[in-house]
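As a plain string of letters, each chain reads:
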Amino acid sequence: MAAFSPSNTQLLSLKQSQTSFQTPFNHSKAINFAAKKPTTITRVSSKANESLSNIITELDKGRETQEEHLSTSRLHQSERNLADVWREIHGQDDWVGMLDPMDPLLRSELIRYGEMAQACYDAFDFDPFSKYCGSCRFMHRKFFSSLGMSDHGYDVSRYLYATSNINLPNFFKKSRWPKIWSKNANWIGYVAVSNDETTKRLGRRDITISWRGTVTRLEWIADLMDFLKPISNNKIPCPDLTVKVEYGFLDLYTDKDVTCRFCKFSAREQIMSEVKRLLEMYSDEELSITITGHSLGAALAILSAYDIAETGVNVMKDSRAVPVSVVSFSGPRVGNVRFKERIEMLGVKVLRVVNMHDMVPKSPGLFFNENVSPFLMKLAEGLPWSYSHVGVELALDHTNSPFLKETGDPVCAHNLEALMHLIDGYHGKGHRFVLASGRDPALVNKASDFLKDHYLVPPFWRQDENKGMVRGKDGRWIQPERPKLFDHDHPPDTHHHLKQLGLSSSDLA
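Rules and cut-offs
For every chain, the first residue of the written sequence is number 1, and numbering continues from 1 onward in sequence order. Predicted model: local features are reported for residues with pLDDT of at least 70 only, side-chain atom pairs are reported and counted for 80 or more only, and whole-chain, interface and lining totals are derived from all residues. In computing side-chain values, all of the structure's heavy atoms are included and hydrogens and water are not. UniProt positions are given in the numbering used here, feature names are shortened, and annotations may be inferred rather than shown by experiment. To qualify as a helix, a DSSP run of H or I must reach at least 4 residues; to qualify as a strand, a run of E must reach at least 2; elements of each kind are numbered from the N terminus. Any pair of residues with heavy atoms lying within 4.5 Å of one another is described as a contacting pair. Throughout, the Shrake-Rupley method with a 1.4 Å probe supplies accessible areas, and for residues the shown protein chains are the sole cover considered. For the exposure calls, accessible area comes from a 1.4 Å probe over protein chains only, and a residue counts as buried if that area is under 20% of its type's maximum, exposed if over 50%, partly exposed in between. Centres within 6.5 Å are what make two rings of Phe, Tyr or Trp a pair, Trp counting through its six-membered ring; a difference in plane orientation under 30 degrees is then read as stacked, over 60 as edge-to-face, and the rest as tilted. By this rule the span expected of a helix is its residue count minus one, scaled by 1.5 Å.

For the protein chain, an unreviewed UniProt entry supplies the name Fungal lipase-type domain-containing protein and the organism Acer saccharum. Turning to the protein chain, the UniProt annotation filed under Sequence similarities (unreviewed entry) states: "Belongs to the AB hydrolase superfamily. Lipase family."

In C-alpha coordinates:
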(Lines give C-alpha, C1' and ligand atoms only; values in the text may rest on other atoms or scores of the structure.)
Protein backbone atom coordinates (compact mmCIF):
# COMPACT_ATOMS: atom_id res chain seq x y z
CA MET A 1 0.00 0.00 0.00
CA ALA A 2 1.29 3.48 -0.85
CA ALA A 3 2.69 5.56 1.97
CA PHE A 4 0.38 8.28 3.25
CA SER A 5 1.77 11.57 4.60
CA PRO A 6 -0.98 13.79 6.04
CA SER A 7 -0.51 17.53 5.74
CA ASN A 8 -0.36 19.83 8.77
CA THR A 9 -3.79 21.21 8.04
CA GLN A 10 -5.24 17.69 7.61
CA LEU A 11 -3.89 16.67 11.00
CA LEU A 12 -5.28 19.82 12.55
CA SER A 13 -8.74 19.45 10.98
CA LEU A 14 -9.00 15.74 11.85
CA LYS A 15 -7.99 16.39 15.45
CA GLN A 16 -10.45 19.26 15.66
CA SER A 17 -13.30 17.18 14.20
CA GLN A 18 -12.78 14.47 16.80
CA THR A 19 -12.64 16.86 19.74
CA SER A 20 -15.14 19.51 18.70
CA PHE A 21 -18.02 17.79 20.45
CA GLN A 22 -15.99 16.82 23.50
CA THR A 23 -13.88 19.76 24.66
CA PRO A 24 -13.47 23.38 23.56
CA PHE A 25 -10.93 23.77 20.78
CA ASN A 26 -7.74 25.57 21.81
CA HIS A 27 -6.65 27.68 18.84
CA SER A 28 -3.19 28.55 20.19
CA LYS A 29 -2.31 24.92 20.93
CA ALA A 30 -3.59 23.83 17.55
CA ILE A 31 -1.32 26.34 15.84
CA ASN A 32 1.64 25.07 17.85
CA PHE A 33 0.98 21.42 17.04
CA ALA A 34 0.13 22.00 13.41
CA ALA A 35 3.39 23.86 12.87
CA LYS A 36 5.40 20.70 13.45
CA LYS A 37 6.62 18.73 10.49
CA PRO A 38 4.28 15.75 10.19
CA THR A 39 5.68 12.25 10.69
CA THR A 40 5.10 10.02 7.68
CA ILE A 41 2.70 7.14 8.41
CA THR A 42 4.00 4.22 6.37
CA ARG A 43 0.96 2.05 6.72
CA VAL A 44 -2.70 2.97 6.98
CA SER A 45 -5.59 0.62 7.47
CA SER A 46 -8.30 0.52 4.85
CA LYS A 47 -10.79 1.35 7.53
CA ALA A 48 -11.41 5.08 7.96
CA ASN A 49 -11.54 4.82 11.75
CA GLU A 50 -8.15 3.16 11.93
CA SER A 51 -6.68 5.80 9.61
CA LEU A 52 -8.11 8.55 11.74
CA SER A 53 -6.80 6.90 14.90
CA ASN A 54 -3.27 6.62 13.47
CA ILE A 55 -3.20 10.26 12.42
CA ILE A 56 -4.44 11.42 15.82
CA THR A 57 -1.84 9.24 17.52
CA GLU A 58 0.93 10.96 15.54
CA LEU A 59 -0.50 14.36 16.43
CA ASP A 60 -0.60 13.42 20.11
CA LYS A 61 3.02 12.30 19.94
CA GLY A 62 3.94 15.71 18.59
CA ARG A 63 2.01 17.34 21.39
CA GLU A 64 3.72 15.20 24.01
CA THR A 65 7.14 16.06 22.58
CA GLN A 66 6.39 19.78 22.69
CA GLU A 67 4.88 19.60 26.19
CA GLU A 68 7.90 17.65 27.43
CA HIS A 69 10.24 20.26 25.96
CA LEU A 70 8.29 23.13 27.50
CA SER A 71 8.09 21.34 30.83
CA THR A 72 11.88 20.90 30.89
CA SER A 73 12.37 24.54 29.95
CA ARG A 74 10.01 25.75 32.68
CA LEU A 75 11.66 23.49 35.25
CA HIS A 76 15.07 24.94 34.35
CA GLN A 77 13.67 28.44 34.68
CA SER A 78 11.94 27.74 38.00
CA GLU A 79 15.20 26.49 39.49
CA ARG A 80 16.70 29.96 39.04
CA ASN A 81 15.48 33.18 40.51
CA LEU A 82 15.58 36.26 38.28
CA ALA A 83 16.30 38.45 41.30
CA ASP A 84 19.50 36.46 41.94
CA VAL A 85 20.87 36.61 38.37
CA TRP A 86 19.53 39.93 37.09
CA ARG A 87 22.99 41.38 36.56
CA GLU A 88 23.89 38.54 34.17
CA ILE A 89 20.55 38.94 32.39
CA HIS A 90 21.23 42.69 32.21
CA GLY A 91 24.54 42.06 30.44
CA GLN A 92 27.14 42.25 33.18
CA ASP A 93 29.22 39.57 31.40
CA ASP A 94 28.12 40.46 27.86
CA TRP A 95 25.67 37.53 27.84
CA VAL A 96 28.48 35.00 27.46
CA GLY A 97 27.02 31.48 27.43
CA MET A 98 23.43 32.75 27.54
CA LEU A 99 22.60 32.97 23.83
CA ASP A 100 23.60 29.52 22.58
CA PRO A 101 21.78 27.70 23.99
CA MET A 102 19.26 30.40 24.79
CA ASP A 103 18.84 31.03 28.51
CA PRO A 104 15.11 30.72 29.39
CA LEU A 105 15.16 33.71 31.74
CA LEU A 106 16.93 35.86 29.18
CA ARG A 107 14.41 34.85 26.52
CA SER A 108 11.48 35.91 28.68
CA GLU A 109 13.16 39.23 29.49
CA LEU A 110 13.92 39.93 25.82
CA ILE A 111 10.29 39.34 24.93
CA ARG A 112 9.14 41.54 27.80
CA TYR A 113 11.31 44.46 26.68
CA GLY A 114 10.26 43.79 23.10
CA GLU A 115 6.64 44.15 24.15
CA MET A 116 7.47 47.43 25.88
CA ALA A 117 8.96 48.66 22.60
CA GLN A 118 5.97 47.33 20.65
CA ALA A 119 3.71 49.33 22.97
CA CYS A 120 5.13 52.48 21.36
CA TYR A 121 3.57 51.42 18.07
CA ASP A 122 0.32 50.11 19.53
CA ALA A 123 -0.30 53.33 21.43
CA PHE A 124 0.72 55.73 18.65
CA ASP A 125 -1.97 57.54 16.69
CA PHE A 126 -0.65 57.48 13.11
CA ASP A 127 -3.99 57.99 11.37
CA PRO A 128 -3.70 61.16 9.22
CA PHE A 129 -7.48 61.59 9.46
CA SER A 130 -7.27 61.93 13.24
CA LYS A 131 -6.85 65.41 14.67
CA TYR A 132 -4.63 63.77 17.31
CA CYS A 133 -2.35 62.16 14.72
CA GLY A 134 1.20 62.02 16.10
CA SER A 135 0.15 61.71 19.74
CA CYS A 136 -0.26 58.84 22.19
CA ARG A 137 -3.80 57.50 22.30
CA PHE A 138 -3.79 56.93 26.08
CA MET A 139 -3.25 58.81 29.31
CA HIS A 140 0.12 57.92 30.79
CA ARG A 141 -1.43 56.74 34.07
CA LYS A 142 -3.48 54.19 32.13
CA PHE A 143 -0.92 53.42 29.45
CA PHE A 144 -0.20 49.76 30.18
CA SER A 145 -3.71 48.90 31.33
CA SER A 146 -5.13 50.39 28.11
CA LEU A 147 -2.87 48.04 26.14
CA GLY A 148 -3.67 44.98 28.25
CA MET A 149 -0.15 45.01 29.72
CA SER A 150 -0.86 45.59 33.41
CA ASP A 151 0.94 42.35 34.28
CA HIS A 152 4.24 43.88 33.14
CA GLY A 153 4.28 45.76 36.45
CA TYR A 154 5.55 49.15 35.29
CA ASP A 155 4.18 52.66 35.66
CA VAL A 156 4.82 55.35 33.05
CA SER A 157 6.42 58.37 34.70
CA ARG A 158 6.82 60.59 31.65
CA TYR A 159 5.96 60.75 27.97
CA LEU A 160 8.65 61.77 25.48
CA TYR A 161 8.20 64.13 22.52
CA ALA A 162 10.37 65.29 19.64
CA THR A 163 10.11 67.94 16.99
CA SER A 164 10.13 67.16 13.27
CA ASN A 165 13.30 66.26 11.43
CA ILE A 166 13.24 66.35 7.63
CA ASN A 167 16.05 63.81 7.37
CA LEU A 168 13.95 60.98 8.82
CA PRO A 169 10.76 60.57 6.77
CA ASN A 170 7.94 58.40 8.07
CA PHE A 171 8.93 58.98 11.69
CA PHE A 172 6.75 62.05 12.12
CA LYS A 173 3.04 61.96 11.42
CA LYS A 174 0.77 64.95 10.95
CA SER A 175 -2.99 65.26 10.72
CA ARG A 176 -4.68 66.42 7.54
CA TRP A 177 -7.09 68.50 9.58
CA PRO A 178 -6.38 72.21 10.18
CA LYS A 179 -7.24 72.01 13.90
CA ILE A 180 -4.73 69.64 15.46
CA TRP A 181 -3.10 69.07 18.85
CA SER A 182 0.38 70.20 17.73
CA LYS A 183 2.02 71.27 14.46
CA ASN A 184 5.59 70.57 15.56
CA ALA A 185 5.55 67.68 18.03
CA ASN A 186 5.24 63.92 17.89
CA TRP A 187 5.07 61.42 20.73
CA ILE A 188 8.18 59.23 20.52
CA GLY A 189 8.08 57.03 23.62
CA TYR A 190 8.03 56.97 27.39
CA VAL A 191 9.96 56.49 30.60
CA ALA A 192 8.59 53.87 32.98
CA VAL A 193 9.64 52.46 36.34
CA SER A 194 8.89 49.06 37.86
CA ASN A 195 6.33 48.97 40.66
CA ASP A 196 7.08 47.49 44.08
CA GLU A 197 5.87 43.98 43.26
CA THR A 198 7.79 43.77 39.99
CA THR A 199 10.86 45.34 41.63
CA LYS A 200 10.91 42.50 44.14
CA ARG A 201 10.69 39.92 41.36
CA LEU A 202 13.38 41.63 39.26
CA GLY A 203 15.75 42.11 42.16
CA ARG A 204 16.08 45.85 41.51
CA ARG A 205 14.06 48.94 40.64
CA ASP A 206 14.20 49.07 36.85
CA ILE A 207 13.94 52.38 34.99
CA THR A 208 13.03 51.67 31.36
CA ILE A 209 13.12 54.07 28.43
CA SER A 210 11.21 52.92 25.33
CA TRP A 211 11.69 54.61 21.97
CA ARG A 212 9.27 54.49 19.05
CA GLY A 213 10.56 53.68 15.58
CA THR A 214 9.14 54.51 12.18
CA VAL A 215 5.69 53.27 11.23
CA THR A 216 5.81 50.43 8.67
CA ARG A 217 7.56 51.89 5.64
CA LEU A 218 11.35 51.92 5.33
CA GLU A 219 12.10 54.92 3.13
CA TRP A 220 14.26 56.45 5.84
CA ILE A 221 16.93 53.83 5.19
CA ALA A 222 17.85 55.68 1.99
CA ASP A 223 18.98 58.63 4.12
CA LEU A 224 21.48 56.59 6.13
CA MET A 225 24.22 56.17 3.57
CA ASP A 226 26.72 58.63 5.03
CA PHE A 227 27.18 61.85 7.01
CA LEU A 228 28.69 61.02 10.33
CA LYS A 229 29.35 64.01 12.52
CA PRO A 230 31.11 64.48 15.87
CA ILE A 231 28.72 63.87 18.72
CA SER A 232 30.18 66.87 20.55
CA ASN A 233 28.85 69.14 17.77
CA ASN A 234 25.44 68.92 19.43
CA LYS A 235 26.93 69.76 22.81
CA ILE A 236 26.95 66.23 24.20
CA PRO A 237 30.08 66.36 26.40
CA CYS A 238 32.43 63.94 24.66
CA PRO A 239 36.16 64.69 25.08
CA ASP A 240 37.03 62.80 21.88
CA LEU A 241 36.19 64.74 18.71
CA THR A 242 36.64 61.61 16.59
CA VAL A 243 33.56 59.98 18.17
CA LYS A 244 30.92 60.37 15.48
CA VAL A 245 27.31 59.30 14.95
CA GLU A 246 24.78 59.51 12.11
CA TYR A 247 23.64 63.13 11.93
CA GLY A 248 19.89 62.40 11.55
CA PHE A 249 19.78 60.41 14.80
CA LEU A 250 21.76 63.08 16.62
CA ASP A 251 19.59 65.94 15.41
CA LEU A 252 16.38 64.15 16.29
CA TYR A 253 17.74 63.47 19.77
CA THR A 254 18.84 67.07 20.47
CA ASP A 255 16.48 69.27 18.42
CA LYS A 256 13.73 71.27 20.08
CA ASP A 257 11.22 74.03 19.40
CA VAL A 258 10.85 76.58 22.20
CA THR A 259 7.54 77.75 20.73
CA CYS A 260 5.97 74.30 21.21
CA ARG A 261 4.86 73.32 24.70
CA PHE A 262 5.68 69.67 24.01
CA CYS A 263 9.08 70.27 22.40
CA LYS A 264 10.38 73.21 24.39
CA PHE A 265 12.78 70.63 25.82
CA SER A 266 14.65 68.30 23.49
CA ALA A 267 14.21 64.55 23.77
CA ARG A 268 17.65 64.52 25.33
CA GLU A 269 16.67 67.01 28.03
CA GLN A 270 13.45 65.18 28.76
CA ILE A 271 15.25 61.88 29.29
CA MET A 272 18.20 63.25 31.24
CA SER A 273 16.03 65.20 33.68
CA GLU A 274 13.59 62.32 34.20
CA VAL A 275 16.31 59.72 34.80
CA LYS A 276 17.96 62.11 37.26
CA ARG A 277 14.66 62.60 39.08
CA LEU A 278 13.94 58.87 39.35
CA LEU A 279 17.44 58.03 40.52
CA GLU A 280 17.09 60.57 43.31
CA MET A 281 13.65 59.24 44.23
CA TYR A 282 14.90 55.66 44.57
CA SER A 283 18.46 56.40 45.64
CA ASP A 284 18.34 53.96 48.56
CA GLU A 285 17.44 50.99 46.33
CA GLU A 286 19.19 48.67 43.90
CA LEU A 287 18.65 50.21 40.45
CA SER A 288 19.08 49.53 36.76
CA ILE A 289 18.51 51.56 33.60
CA THR A 290 17.26 49.60 30.59
CA ILE A 291 16.67 51.28 27.24
CA THR A 292 14.81 49.60 24.41
CA GLY A 293 13.56 50.43 20.95
CA HIS A 294 12.88 49.00 17.51
CA SER A 295 14.20 50.15 14.15
CA LEU A 296 15.09 53.84 14.31
CA GLY A 297 14.05 53.67 17.97
CA ALA A 298 16.84 51.15 18.55
CA ALA A 299 19.38 53.68 17.27
CA LEU A 300 17.98 56.32 19.60
CA ALA A 301 18.13 53.83 22.47
CA ILE A 302 21.87 53.32 21.92
CA LEU A 303 22.48 57.04 21.54
CA SER A 304 20.61 57.92 24.75
CA ALA A 305 22.35 55.12 26.68
CA TYR A 306 25.70 56.50 25.60
CA ASP A 307 24.65 60.00 26.65
CA ILE A 308 23.51 58.88 30.11
CA ALA A 309 26.85 57.16 30.73
CA GLU A 310 29.00 59.87 29.15
CA THR A 311 27.31 62.63 31.13
CA GLY A 312 27.44 60.55 34.32
CA VAL A 313 23.71 60.76 35.06
CA ASN A 314 23.83 57.15 36.23
CA VAL A 315 26.46 57.87 38.90
CA MET A 316 24.89 58.28 42.34
CA LYS A 317 26.06 60.61 45.10
CA ASP A 318 27.76 57.69 46.83
CA SER A 319 29.76 57.07 43.59
CA ARG A 320 27.71 53.98 42.83
CA ALA A 321 27.23 53.54 39.06
CA VAL A 322 23.79 52.31 38.08
CA PRO A 323 24.22 49.76 35.25
CA VAL A 324 22.97 50.90 31.84
CA SER A 325 21.86 48.31 29.32
CA VAL A 326 20.26 48.46 25.87
CA VAL A 327 17.99 45.80 24.38
CA SER A 328 17.64 46.85 20.75
CA PHE A 329 15.52 45.26 18.04
CA SER A 330 16.25 45.50 14.30
CA GLY A 331 18.41 48.58 14.75
CA PRO A 332 20.75 50.22 12.22
CA ARG A 333 24.34 51.15 12.88
CA VAL A 334 24.64 54.36 14.88
CA GLY A 335 28.23 55.58 14.78
CA ASN A 336 31.82 54.93 13.82
CA VAL A 337 34.43 52.65 15.39
CA ARG A 338 35.43 55.34 17.90
CA PHE A 339 31.80 55.58 19.03
CA LYS A 340 31.75 51.79 19.52
CA GLU A 341 34.96 51.91 21.53
CA ARG A 342 33.78 54.85 23.63
CA ILE A 343 30.37 53.39 24.57
CA GLU A 344 31.97 50.08 25.52
CA MET A 345 34.62 51.87 27.58
CA LEU A 346 31.83 53.66 29.48
CA GLY A 347 30.40 50.26 30.47
CA VAL A 348 27.13 50.43 28.52
CA LYS A 349 25.96 46.93 27.61
CA VAL A 350 24.13 46.47 24.30
CA LEU A 351 22.32 43.37 23.07
CA ARG A 352 21.08 43.72 19.50
CA VAL A 353 18.37 41.30 18.36
CA VAL A 354 18.10 41.12 14.57
CA ASN A 355 16.56 39.05 11.79
CA MET A 356 19.45 38.14 9.50
CA HIS A 357 17.23 38.78 6.47
CA ASP A 358 16.42 42.34 7.58
CA MET A 359 18.15 45.08 5.60
CA VAL A 360 17.92 47.74 8.34
CA PRO A 361 20.70 46.34 10.59
CA LYS A 362 22.92 46.26 7.50
CA SER A 363 22.64 50.05 7.16
CA PRO A 364 24.29 52.51 7.14
CA GLY A 365 27.87 51.55 6.35
CA LEU A 366 27.17 49.06 3.58
CA PHE A 367 30.83 48.91 2.50
CA PHE A 368 32.88 49.97 5.52
CA ASN A 369 31.70 48.34 8.73
CA GLU A 370 32.72 45.95 11.51
CA ASN A 371 32.81 43.01 9.06
CA VAL A 372 35.75 44.25 6.98
CA SER A 373 39.38 43.87 8.00
CA PRO A 374 40.78 46.16 10.70
CA PHE A 375 43.33 47.42 8.17
CA LEU A 376 40.63 48.66 5.77
CA MET A 377 38.62 50.12 8.64
CA LYS A 378 41.72 52.03 9.75
CA LEU A 379 42.10 53.46 6.27
CA ALA A 380 38.43 54.38 6.14
CA GLU A 381 38.32 55.81 9.64
CA GLY A 382 38.00 59.39 8.49
CA LEU A 383 35.35 58.71 5.85
CA PRO A 384 31.80 59.91 6.55
CA TRP A 385 30.31 56.46 5.78
CA SER A 386 32.49 54.20 7.93
CA TYR A 387 30.20 52.69 10.58
CA SER A 388 30.39 49.98 13.22
CA HIS A 389 27.77 48.11 15.21
CA VAL A 390 28.15 48.08 19.00
CA GLY A 391 27.58 45.36 21.56
CA VAL A 392 26.52 41.73 21.18
CA GLU A 393 24.34 40.48 18.36
CA LEU A 394 21.65 37.80 18.55
CA ALA A 395 20.96 36.95 14.90
CA LEU A 396 17.75 35.02 14.20
CA ASP A 397 16.47 33.49 10.95
CA HIS A 398 12.78 33.70 10.08
CA THR A 399 13.09 30.78 7.65
CA ASN A 400 13.49 28.50 10.68
CA SER A 401 9.93 29.20 11.83
CA PRO A 402 7.34 26.80 10.40
CA PHE A 403 4.69 29.45 10.99
CA LEU A 404 6.06 32.04 8.57
CA LYS A 405 5.73 32.02 4.80
CA GLU A 406 8.25 32.96 2.17
CA THR A 407 7.91 36.58 1.25
CA GLY A 408 9.87 39.23 -0.56
CA ASP A 409 8.37 42.01 1.52
CA PRO A 410 11.24 43.66 3.46
CA VAL A 411 8.77 45.05 6.01
CA CYS A 412 7.98 41.50 7.18
CA ALA A 413 11.64 40.76 7.90
CA HIS A 414 11.78 44.02 9.87
CA ASN A 415 8.58 43.45 11.86
CA LEU A 416 8.97 43.57 15.67
CA GLU A 417 6.16 41.12 16.45
CA ALA A 418 7.76 38.62 14.06
CA LEU A 419 11.09 39.12 15.80
CA MET A 420 9.55 38.35 19.21
CA HIS A 421 8.01 35.24 17.66
CA LEU A 422 11.51 34.18 16.56
CA ILE A 423 12.91 34.81 20.04
CA ASP A 424 10.18 32.64 21.53
CA GLY A 425 11.05 29.71 19.27
CA TYR A 426 14.83 30.06 19.37
CA HIS A 427 16.77 27.64 21.58
CA GLY A 428 20.23 27.88 20.04
CA LYS A 429 22.02 27.31 16.76
CA GLY A 430 20.99 24.01 15.22
CA HIS A 431 18.11 23.53 17.65
CA ARG A 432 14.58 22.90 16.44
CA PHE A 433 12.19 25.87 16.46
CA VAL A 434 9.75 25.32 19.34
CA LEU A 435 7.66 28.06 20.93
CA ALA A 436 8.79 28.24 24.54
CA SER A 437 6.12 30.45 26.09
CA GLY A 438 3.16 29.67 23.86
CA ARG A 439 3.09 33.30 22.72
CA ASP A 440 0.26 33.61 20.22
CA PRO A 441 1.66 33.45 16.64
CA ALA A 442 -1.39 35.43 15.48
CA LEU A 443 0.39 38.54 16.83
CA VAL A 444 2.81 38.29 13.90
CA ASN A 445 0.05 39.40 11.54
CA LYS A 446 -0.96 42.33 13.71
CA ALA A 447 0.64 44.75 11.24
CA SER A 448 1.98 42.46 8.51
CA ASP A 449 1.16 39.56 6.19
CA PHE A 450 3.76 37.05 7.33
CA LEU A 451 1.89 34.02 8.74
CA LYS A 452 1.16 31.10 6.47
CA ASP A 453 -2.35 31.35 5.07
CA HIS A 454 -3.60 28.02 6.46
CA TYR A 455 -3.54 29.46 10.00
CA LEU A 456 -6.49 31.61 8.94
CA VAL A 457 -5.16 34.75 10.63
CA PRO A 458 -5.97 37.81 8.48
CA PRO A 459 -3.09 40.17 7.68
CA PHE A 460 -2.92 43.62 9.24
CA TRP A 461 -5.74 42.71 11.59
CA ARG A 462 -5.10 45.22 14.35
CA GLN A 463 -7.14 48.43 14.12
CA ASP A 464 -9.12 50.72 16.37
CA GLU A 465 -12.80 49.90 16.61
CA ASN A 466 -14.65 52.03 14.04
CA LYS A 467 -11.30 53.77 13.44
CA GLY A 468 -11.74 55.65 16.69
CA MET A 469 -15.13 57.13 15.82
CA VAL A 470 -17.83 57.15 18.53
CA ARG A 471 -21.45 58.17 18.63
CA GLY A 472 -22.21 61.51 20.25
CA LYS A 473 -25.23 62.32 22.36
CA ASP A 474 -27.09 63.46 19.25
CA GLY A 475 -26.46 60.11 17.56
CA ARG A 476 -23.88 61.43 15.10
CA TRP A 477 -20.49 59.78 14.64
CA ILE A 478 -17.61 61.99 15.77
CA GLN A 479 -13.97 61.87 16.84
CA PRO A 480 -13.93 61.94 20.66
CA GLU A 481 -12.02 64.72 22.38
CA ARG A 482 -8.89 64.04 24.38
CA PRO A 483 -8.85 67.01 26.76
CA LYS A 484 -6.39 65.35 29.12
CA LEU A 485 -3.79 65.11 26.38
CA PHE A 486 -2.67 68.59 27.28
CA ASP A 487 -2.03 67.53 30.86
CA HIS A 488 1.09 65.85 29.48
CA ASP A 489 3.16 68.99 29.82
CA HIS A 490 6.71 68.71 31.05
CA PRO A 491 7.19 68.45 34.82
CA PRO A 492 7.91 71.83 36.46
CA ASP A 493 11.16 70.51 37.99
CA THR A 494 12.75 69.74 34.60
CA HIS A 495 14.90 72.89 34.74
CA HIS A 496 15.96 72.01 38.29
CA HIS A 497 17.26 68.56 37.38
CA LEU A 498 19.01 69.85 34.26
CA LYS A 499 20.83 72.42 36.36
CA GLN A 500 21.85 69.71 38.81
CA LEU A 501 23.49 67.94 35.89
CA GLY A 502 25.27 71.14 34.94
CA LEU A 503 23.05 71.52 31.88
CA SER A 504 20.89 74.50 31.14
CA SER A 505 18.16 73.91 28.58
CA SER A 506 19.50 76.89 26.64
CA ASP A 507 22.86 75.16 26.26
CA LEU A 508 21.54 72.44 24.01
CA ALA A 509 20.84 72.63 20.31
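Asker: Is there a simple way to think about the overall build of the protein chain in this case?
Answerer: For the protein chain, the count of helices and strands is 15 helices and eleven strands. Considering only contacts in the protein chain between residues 6 or more positions apart, those separated by 24 or more positions represent 73%. Summed over its atoms, the accessible surface of the protein chain is roughly 23300 Å², and 53% of this surface lies on carbon and sulfur atoms.

Asker: Can you walk me through unusual backbone geometry in this structure?
Answerer: Most peptide bonds adopt trans geometry, and most residues besides glycine take a negative phi value. Residue Asp 100 is joined to Pro 101 through a cis peptide bond whose omega torsion reads 5°. Following the sequence through the fold, Pro 101 ends up in the loop between helix 4 (82–89) and helix 5 (104–122). Phi is positive for Ser 330, which is not a glycine, with a value near 55°. One can find Ser 330 in the loop between strand 7 (324–329) and helix 11 (337–345). Take Ser 330: its relative accessible area is 0%, and that puts it in the buried class.

Asker: Got a minute to help me understand the packing of aromatic side chains in this structure?
Answerer: Two descriptors summarise a pair of aromatic rings, namely the distance from one centre to the other and the angle between the planes of the rings. According to the stated counting rule, one finds 16 aromatic pairs in the structure shown. Ring geometry for Tyr 159 versus Trp 187: centroids 5.5 Å apart, planes at 75°, classification edge-to-face. Note that Tyr 159 is positioned in strand 1 (residues 154–163) and Trp 187 in strand 2 (residues 185–194), a separation of 28 residues in sequence. The pair formed by Tyr 159 and Trp 187 is uniform in burial state, with each residue classed as buried.

Asker: What is the right way to read helix 9 (residues 267–281) from this model?
Answerer: Each turn of an α-helix holds 3.6 residues, which means side chains three or four residues apart point in the same direction. With 15 residues, helix 9 extends 21 Å from end C-alpha to end C-alpha; this agrees with the ideal 21 Å at 1.5 Å per step. The element helix 9 is largely enclosed, with a buried count of 13 among its 15 residues.

Asker: Even after reading the chapter, I still don't get helix 10 (residues 296–311), so can you show me in this structure?
Answerer: The end-to-end C-alpha distance of helix 10, which contains 16 residues, comes to 23 Å, matching closely the 22 Å that a straight helix rising 1.5 Å per residue would cover. Counted residue by residue, helix 10 has 16 buried out of 16 residues, so it is predominantly covered. Positioned one or two residues after helix 10, Gly 312 has a phi angle of 80°, which is positive.

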